[in-house]
Amino acid sequence: MNRITSTFSILKAQNKKALIPFITAGDPEPEMTVMLMHALVQAGADIIELGVPFSDPMADGPTIQRSSERALHYHIGLADVLTMVAEFRKTDSVTPVVLMGYANPVEAMGHGNFAITAKEAGVDGVLIVDYPPEECEEWVQQLQDQKIDPIFLLSPTTPKRRMEKVAKLAKGYVYYVSLKGVTGASHLNLVDVGNKLAEVRSLISIPIGVGFGIRDSAAARAVSELADAVVVGSRIIEEIENSTRSALLDNVNNLVKSLRAALDEVNSANSSQIVNADKL
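Treat the numbers as computed from the prediction; the structure is a model and nothing was measured. (Residues numbered from 1 in each chain as written. Predicted model: local features only at pLDDT ≥ 70, side-chain atom pairs only at ≥ 80, totals over all residues. Heavy atoms only, no water.)

### Details of the overall build of the protein
Stated formally: For helices the rule is a DSSP run of H or I covering at least 4 residues; for strands it is a run of E covering at least 2, with both sets numbered from the N terminus onward. Based on C-alpha atoms, the radius of gyration is set beside the globule rule, defined as 2.2 Å times the residue count to the power 0.38. Categorising residues by exposure relies on relative accessible area from a 1.4 Å probe, with only protein chains included: less than 20% of the type maximum marks a residue as buried, more than 50% marks it as exposed, and the intermediate range marks it as partly exposed.
Counting its regular elements, the protein contains twelve helices and nine strands. Here the C-alpha atoms of the protein give a radius of gyration of 18 Å, agreeing with the 19 Å that 2.2 N^0.38 yields for 280 residues. Each principal axis of the C-alpha distribution contributes one length, and for the protein these read about 60 × 45 × 35 Å. Classification of the 280 residues of the protein by burial places 51% in the buried group.

### Some thoughts on the confidence of the model for the protein
Threshold: Values of pLDDT, which run from 0 to 100, indicate the predictor's confidence residue by residue. In this analysis, two residues are considered to be in contact whenever any of their non-hydrogen atoms come within 4.5 Å of each other.
The predicted model of the protein averages 91 in pLDDT, with 92% of residues at 70 or higher. Contacts from residues 272-277, a stretch scored under 50 in pLDDT, to residues over four places away or in other chains number one contact.

### Some details on the sheet that holds strand β8 (residues 208-211)
Just so we agree on the cut-off: The criterion for strand pairing is that DSSP finds at least two bridges linking the strands in question. Here an axis means a line fitted to C-alpha atoms, over the contact stretch when the element is a helix, while the angle between two N-to-C directions is reported on a 0 to 180 degree scale.
Strand order in the open sheet formed by nine strands is β5-β4-β3-β2-β1-β9-β8-β7-β6, with parallel pairing between adjacent strands. Single-partner strands in this sheet number two, and they are β5 (149-150) and β6 (153-154). Most of the contacts of helix α4 (residues 78-89) go to strand β3 (residues 97-101), to which it runs at about 165 degrees, and overall it touches β2 (48-51) and β3.

### Describing the environment of Ala121
With respect to the helices and strands, the residue Ala121 is situated in helix α6 (residues 111-121). Owing to a relative accessible area of 6%, Ala121 belongs among the buried residues under this scheme. Not counting residues up to four positions away in its chain, the partners in contact with Ala121 are Leu82, Val85, Ala86 and Arg89.

### Points about the side chain of Arg89
Note the threshold: Pairing of N or O atoms within 3.5 Å defines a polar contact, subject to two protein rules: one partner must be a possible hydrogen donor and the other a possible acceptor, and residues neighboring in sequence count only if both atoms are side-chain atoms.
Its place among the elements puts Arg89 in helix α4. A polar contact is formed between the side chain of Arg89 and the side chain of Asp124, at a distance of 2.8 Å.

### Observations concerning helix α10 (residues 217-224)
Rules: Here the arc refers to the set of directions running from the helix axis out to each C-beta atom.
Listed in full, the buried residues belonging to α10 are Ala219, Ala220, Val223 and Ser224. Down the axis of α10, the smallest arc covering the buried residues is 130 degrees, so these residues share one side.

### Quick notes on the environment of Glu137
Mapped onto the fold, Glu137 is located in helix α7 (residues 137-145). The exposure class assigned to Glu137 is partly exposed, which follows from its relative accessible area of 36%. The sequence separation of Glu137 and Val210 amounts to 73 residues, and the corresponding C-alpha distance is 24 Å. Ignoring any residue separated from it by four or fewer positions in sequence, one finds Glu137 in contact with Lys165 and Leu169.

### Section: helix α8 (residues 160-169)
Residues of α8 that are buried include every one of Met163, Val166 and Leu169, and no others. Mapping the buried residues of α8 onto a view down its axis gives an arc of 125 degrees, with all of them on the same face. Projecting away from the buried face of α8 at angles above 90 degrees are the exposed residues Arg161 and Lys168. In this fold, the buried residues of α8 make contact with α7, β5, β6, β7 (174-177) and α9 (190-201).

### Looking at the environment of Leu36
Looking at the secondary structure, you find Leu36 in helix α2 (residues 33-43). A relative accessible area of 0% places Leu36 in the buried class. Taking the C-alpha atoms as reference points, Leu36 and Val129, 93 residues apart in sequence, are found 23 Å from one another. The contacts of Leu36, once residues within four sequence positions are left out, are Ile23, Asp27, Pro28, Ile240, Leu248, Leu249 and Val252.

Here it is in structure tokens:
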């Protein structure tokens, strides 16, 4: 059992939902990344999604695009990101780390070399936005040979045949994009999310995380009642972007703590309902 599966298993036993914050490696400057990762964990993150900077991030809205631009200003590449993960692992051997990015850096490094190096660094899962499940069986096998989970995106427009393909390939969790748009958008429709997740769950048995459009504690709380995990990216990047260097870690810590508290309120309410039901 790897770190991702173990984390979801522990959370399920506690009737809790996973909080998965996203940051871009190298943003706002390279020496802050590992400190930010530890701050996320201290504030209550269960899994960290670490973005690999890329010059043309097609799924990302302007906020995360700017974070990639700031990281690329320091020439942060995939090898640097893996070094950051290895540094994080020196003092945290428990928290799962998922790399999220695009195909070009992986292609440049080579699939096999990437998988081996990522495993050595301590990576637990990889989500490559522009690797369609229909065309990446070999890639998935190379990851699984290193016991790294291949993670895939699903969206409101994903057809059933693609969901069936993802069900065969995905490990760890599936990332459901909650809206038709890019990261940072705000038109989150919880009824639509709930209806689509019911269809997804009929085909996919591993945990489902929901992201895109989750900008505050209220949205995080509502989504946690539908999904196994809540993914928050743009809102955290905004906090990084708008903070002074001296206040950055505290501001991010406080934001993530507020999200964690929102998720735990749902857990507490659900637990109370179970206890009250047992008394009937």
